[in-house]
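One letter stands for each residue in the lines below.
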Amino acid sequence: MDLMPRKVPHMNGIENATPAAALRGRVALVTGAASGIGAACALRLAAAGAQVRALDRDAAGLAALHDRARGLPGSVEAVVLDLTDLDAAERTAAGTDILVNNAGMQLVRPIEDFPPDAFRTVLTVMLEAPFRLLRGALPHMYAQGWGRVVNISSVHGLRASAYKSAYVTAKHGLEGLSKVAALEGAPHGVTSNCVSPGYVRTPLVERQLADQAAAHGVPEERVLSEILLADSALKRLIEPDEVAEAVAYLCGPYTSSVTGTTLTMDGGWTAH
């Protein structure tokens, strides 16, 4: 069985998707946009007509993304920024109509060996930065009576796995922050939701294979089937384009009553 198919049936690349005029003229901010889910989200929103601020600390990755976005109905503007600069992050979010909190990082270690500085950095990037981005974005959204906040959470915002204390803590916190934003934003026409995928084919997942092998004491080639996909009914990685399509749906014209919830796309993991 091929556990890592490279294509999802009927999906030919998000940047080639038929654009939806509903997002034309909207300004979207996507964090962690240089690769993986963030890049797919930036391209999908630009395909729907949005003016996308693609934020990442990877300047080369953002340049490649900008090139991929040429010819789309919307646009992609590269914003090179490290999210540990919280004040700058908050300023950058001003004037946005759509906020996609996607940036993430991962370190796989037992709690007793987990570096405290690394724990703090993960929570800064994945929880405190989304809070500060919300602070920057909400005044504009409230003033115009419309806004969309989509937080890229994870199945680890709903379940825990060993050796991922910082990541699981941050994603559980992001789920809670998203619900608070939904309650506060509802009177102002602003929705806030999470998209919570299982393992997605991204550089973040690929980089943790060796750490997972060491932590669990199994060969690296067995990590995908025996560790990452063990609890998933669907025995393949999720593609970034699939997540981006869910984000586009939550930003679209038919979801004004969808708020404070989580769109779970975990291949059946939480069905157990």
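Computed from a predicted model, the values in this text were never measured in an experiment.

Criteria and cut-off values
Residues numbered from 1 in each chain as written. Predicted model: local features only at pLDDT ≥ 70, side-chain atom pairs only at ≥ 80, totals over all residues. Heavy atoms only, no water. Helix = DSSP H or I, 4+ residues; strand = E, 2+ residues; numbered from the N terminus. Buried < 20%, exposed > 50% of the residue type's maximum accessible area, 1.4 Å probe, protein only. Polar contact = N/O pair within 3.5 Å; in protein donor to acceptor, adjacent residues only side chain to side chain. Contact = heavy atoms within 4.5 Å. Salt bridge = Lys/Arg side-chain N within 4 Å of Asp/Glu carboxyl O. Pairing = 2+ DSSP bridges. Right-handed = clockwise from strand over helix to strand, strands pointing away. Axes fitted to C-alpha atoms, helices over the stretch in contact; angles between N-to-C directions. Arc of directions from axis to C-beta. Phe/Tyr/Trp six-rings, centres within 6.5 Å; stacked < 30°, edge-to-face > 60°. Lys NZ or Arg CZ within 6 Å of the ring centre and 35° of its normal.

**What about the side chain of S192?**
Part 1: As for its position among the elements, S192 is in strand 6 (residues 190-197).
Part 2: Overall, the relative accessible area of 1% leaves S192 in the buried class.
Part 3: Reaching out from S192, the side chain makes a polar contact with the backbone oxygen of S178 at a distance of 3.0 Å.
Part 4: Ignoring anything within four residues of it in the chain, the contact list for S192 reads V149, N151, S178, A181, A182, T259, G260 and T261.

**Some thoughts on the pattern of salt bridges**
Part 1: Tallied over the full model, the rule gives nine salt bridges.
Part 2: If you follow the salt bridges from partner to partner, you end up with D87, E90, R132 and R135 in one network.

**A look at the pairing of strand 2 (residues 51-56)**
Part 1: Here strand 1 (residues 27-31) pairs with strand 2 via five bridges, running parallel. Counted as the bridge partner of A28 is V52 from strand 2.
Part 2: Considered for its hand, the β-α-β crossover made up of strand 1, helix 1 (residues 36-47) and strand 2 is right-handed.
Part 3: Where strand 2 meets strand 3 (residues 75-80), six bridges bridge the pair, whose relative direction is parallel. Following the sheet pairing, D56 is matched in strand 3 by V80.
Part 4: One crossover worth recording links strand 2 to the parallel strand 3 by way of helix 2 (residues 59-68), and it is right-handed.

**Points about the sheet that holds strand 7 (residues 262-265)**
Part 1: Here we have seven strands laid out as an open sheet, ordered 3-2-1-4-5-6-7, and parallel in their pairing. Since the sheet does not close on itself, it has two edges, and those belong to strand 3 and strand 7, each with one partner. Averaged over all pairs of adjacent strands, the angle between strand axes in this sheet comes to 15°, irrespective of strand direction.
Part 2: Relative to strand 7, strand 6 runs parallel, the two sharing four bridges. Bridge pairing links V195 to L263 in strand 7.

**Details of helix 2**
Part 1: Among the residues making up helix 2, those that are buried are G61, L62 and L65. Along the axis of helix 2, the buried residues cluster in a sector spanning 100°; they form a single face.
Part 2: Where the residues of helix 2 are buried, they touch helix 1, strand 2 and strand 3.
Part 3: Residue D58 occupies the N-cap position of helix 2, its side-chain oxygen lying 3.2 Å from the main-chain nitrogen of A60.

**Quick word on the packing of aromatic side chains**
Part 1: Per the stated rule, a full pass over the model turns up two aromatic pairs.
Part 2: Between F114 and F119 the ring centres are 6.0 Å apart and the planes differ by 85°, which places this aromatic pair in the edge-to-face class.
Part 3: On the accessibility criterion, F114 (8% relative accessible area) is buried.
Part 4: Note on F119: relative accessible area 28%, which makes it partly exposed.
Part 5: Relative to W269, the ring of Y199 lies with its centre 5.8 Å away and its plane at 25°, an arrangement referred to as stacked. Note that Y199 is positioned in the loop between strand 6 and helix 6 (203-207) and W269 in the segment after strand 7, a separation of 70 residues in sequence. As far as the burial class goes, Y199 and W269 line up, both buried.
Part 6: Between the NZ or CZ atom of R26 and the centre of the ring of W146, over which it lies, the distance is 3.7 Å.

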